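# Summary of the model geometry
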Amino acid sequence: MSGHGKKGVLLVNLGTPDAPTRGAVYRYLKQFLLDPRVIDYPWLPRNLLVRGIIAPFRSGSSSKLYKMLWTEKGSPLKFYGEDVRDGVQEILGDDYIVELAMRYQNPSIGHAVQRLEEQQVSEIIVFPMFPQYASATTGSVHEAVMRELAGRQIIPDVKLINSYYNHPDMIRIFADNARQFDLDSYDHIIFSYHGLPQRQLRKGDPTGCHCTKVDNCCQQISSVNQFCYSAQCHGTTQAIAAELQLKTEQYTTAFQSRLGPEAWAQPYTIKVIEELAEQGAKRLLVFSPAFVADCLETIIEIGTEYQEEFEEMGGEHVDLVPSLNNDPRWIKIVADMVQAYA
Ligand SMILES: C=CC1=C(C)c2cc3[nH]c(cc4nc(cc5[nH]c(cc1n2)c(C)c5CCC(=O)O)C(CCC(=O)O)=C4C)c(C)c3C=C
Ligand SMILES: [Fe+2]
Ligand SMILES: [Fe+2]
């Protein structure tokens, strides 16, 4: 513990394009998907796939979705992040310097670390804005911060927060946000998390013989699968369901946003929606607690795309429980968590 200077706080989210244009989305996708923790193939196939296929083709369709998402304040992921940064700074006061960074695009981790260095902070607490750990998200943020610091003369104390998938106060906000809906009026509740390739789930299992190998492997968290993204997602669901006193038959944990031909964490949200529609469901409520802010994957993918697809299948409503966004209660929790680590 060095002790004299201010304490630095680095809030880091995934990133979003600088603008909803094809060029900006291309630059974002290229930087994001060339990260070997995201598309974890050897260098040559990764570069061929991303530069030759995904970034050029997907930038067209994705930029249309980003145009739908964009507001006059920009991308929600960024402006909610800025609100959280300002709110946490206000709560923590002059002893702390709070910076927001994005793993991909802007504001960059490099600039944020530089600003903290200029303020001569004695330590840096890194707060990834992902409740559940995945190598592709949290792991990548931590690696990027360590790489940024590695070349510097002064390396201050560094504290890397790993995950907080069942933080009771955070769980309470998700549950409270759902109470504005009449829960009994829904045919089913879906907890829809961002997906991850099954191969990456297996890499998160140090024993190599649990995740995706034994039945219901990820539905109970233990020392074997404590860093398994899917197990942590199930942990979040169980905590919110307990808070709302839901019965197990009322809800399902599922995974969305699959990309490419590989098998991803299952069940897929769209398949669950399809099965529910076949059973005659008309009203669905969807939580998306892998995100601390509503973004493309919630507002557009759930709120627009799943809504349309459910209607085509004979359903009526897909309602989305709002995320934590810039809720003052969430800002207080972030400040509390940072202080607990400081
Ligand atoms: C919350 C955790 C997330 C995990 C785990 C994750 C893994 C992951 N994502 C992709 C591919 C894409 N993700 C995209 C956007 C995006 N993803 C997350 C979060 C997680 N991703 C966020 C917060 C966002 C940003 C949304 C925004 O509003 O800007 C995209 C870009 C959008 C699109 O084209 O669909 C892609 C592509 C992979 C391959 C992956 C794991 C290997
Ligand atoms: Fe993603
Ligand atoms: Fe697992």
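Residues numbered from 1 in each chain as written. Chains lettered and ligands numbered in written order. Predicted model: local features only at pLDDT ≥ 70, side-chain atom pairs only at ≥ 80, totals over all residues.

- Per an unreviewed UniProt entry, the chain goes by Ferrochelatase and derives from Phaeodactylibacter luteus.
- Regarding the chain, the UniProt comment filed under Subcellular location (unreviewed entry) reads as follows: "Cytoplasm".
- The record held by UniProt for the chain lists under Pathway (unreviewed entry) the comment "Porphyrin-containing compound metabolism; protoheme biosynthesis; protoheme from protoporphyrin-IX: step 1/1." (UniProt positions renumbered as here; feature names shortened; annotations may be inferred.)

## Notes on the nonpolar core
- In terms of nonpolar packing, the biggest core is built from 101 residues, with V9 and L10 touching the most fellow members.
- Each of domain 1 (7-164 + 328-341) and domain 2 (182-320) contributes no fewer than three residues to this core.
- Leaving out residues up to four positions away in the same chain, L10 has contacts with E99, A101, A112, L116, I124, V126, F127 and V145. (Core = buried A, V, L, I, M, F, W, Y, C linked by C-beta atoms within 7 Å. Buried ≥ 20, exposed ≤ 12 C-beta atoms within 10 Å, placed from the backbone. Domains from an automatic or database assignment. Contact = placed C-beta atoms within 7 Å.)

## Remarks on the environment of F127
- With respect to the helices and strands, the residue F127 is situated in strand β3 (residues 123-128).
- Owing to 24 C-beta atoms within 10 Å, F127 belongs among the buried residues under this scheme.
- Residues F127 and A231 lie 104 residues apart in sequence; the distance between their C-alpha atoms is 21 Å. (Helix = DSSP H or I, 4+ residues; strand = E, 2+ residues; numbered from the N terminus.)

## Re the UniProt feature "binding site: Fe(2+)" (unreviewed entry) in the chain
- UniProt records the feature "binding site: Fe(2+)" (unreviewed entry) for H194 and E297 in the present numbering. Sequence-wise these annotated residues cover 104 residues; spatially they are packed, their C-alpha atoms never more than 7.9 Å apart.
- One can find H194 in strand β5 (residues 188-194).
- Overall, the presence of 25 C-beta atoms within 10 Å leaves H194 in the buried class.
- Ignoring anything within four residues of it in the chain, the contact list for H194 reads Q256, S257, A290 and E297.

## Digging into the packing of helix α2 (residues 43-69) against helix α10 (residues 296-312)
- Contact pair α2 / α10: the axes reach a minimum separation of 10 Å and the direction vectors enclose 100°. By the angle class used here, α2 and α10 are roughly perpendicular. In contact with L65, Y66, M68 and L69 of α2, α10 contributes L296, I299 and I300.
- Partitioned by chemical class, the residues of the contact of α2 with α10 number seven nonpolar, no polar and no charged. (Axes fitted to C-alpha atoms, helices over the stretch in contact; angles between N-to-C directions. Parallel < 35°, antiparallel > 145°, perpendicular 65-115°, else oblique. Nonpolar A, V, L, I, M, F, W, Y, C, P; charged D, E, K, R; others polar.)

## Focus: the site of ligand 1
- Lining the immediate environment of ligand 1, one finds 22 residues, of which T16, S62, H194, C295 and L296 sit closest.
- Taken together, the elements giving at least two residues each to the shell around ligand 1 come down to α2, α5 (135-150) and α10.
- In this structure, the shell around ligand 1 is formed jointly by two domains, domain 1 (7-164 + 328-341) and domain 2 (182-320), each of which donates at least three residues. (Near = placed C-beta within 6 Å.)

## With respect to the pairing of strand β7 (residues 283-287)
- Where burial is concerned, most of β7 is hidden: four out of the five residues are buried.
- Across four bridges, the pairing between β7 and strand β8 (residues 317-320) is parallel. Residue pairing for β8: L285 is matched across the bridge by D319.
- Handedness of the β-α-β unit built from β7, α10 and β8 comes out right-handed. (Pairing = 2+ DSSP bridges. Right-handed = clockwise from strand over helix to strand, strands pointing away.)

## Let's talk about the sheet that holds strand β6 (residues 251-256)
- With parallel pairing, four strands are arranged side by side in an open sheet as β6-β5-β7-β8. Looking at which strands have only one partner, the edges of the open sheet turn out to be β6 and β8. Strand-to-strand twist across the sheet, computed as the mean angle between neighbouring axes with direction ignored, equals 30°.
- The sheet contact formed by β5 and β6 spans six bridges and is parallel. Across the sheet, F191 pairs through a bridge with T253, a residue of β6.

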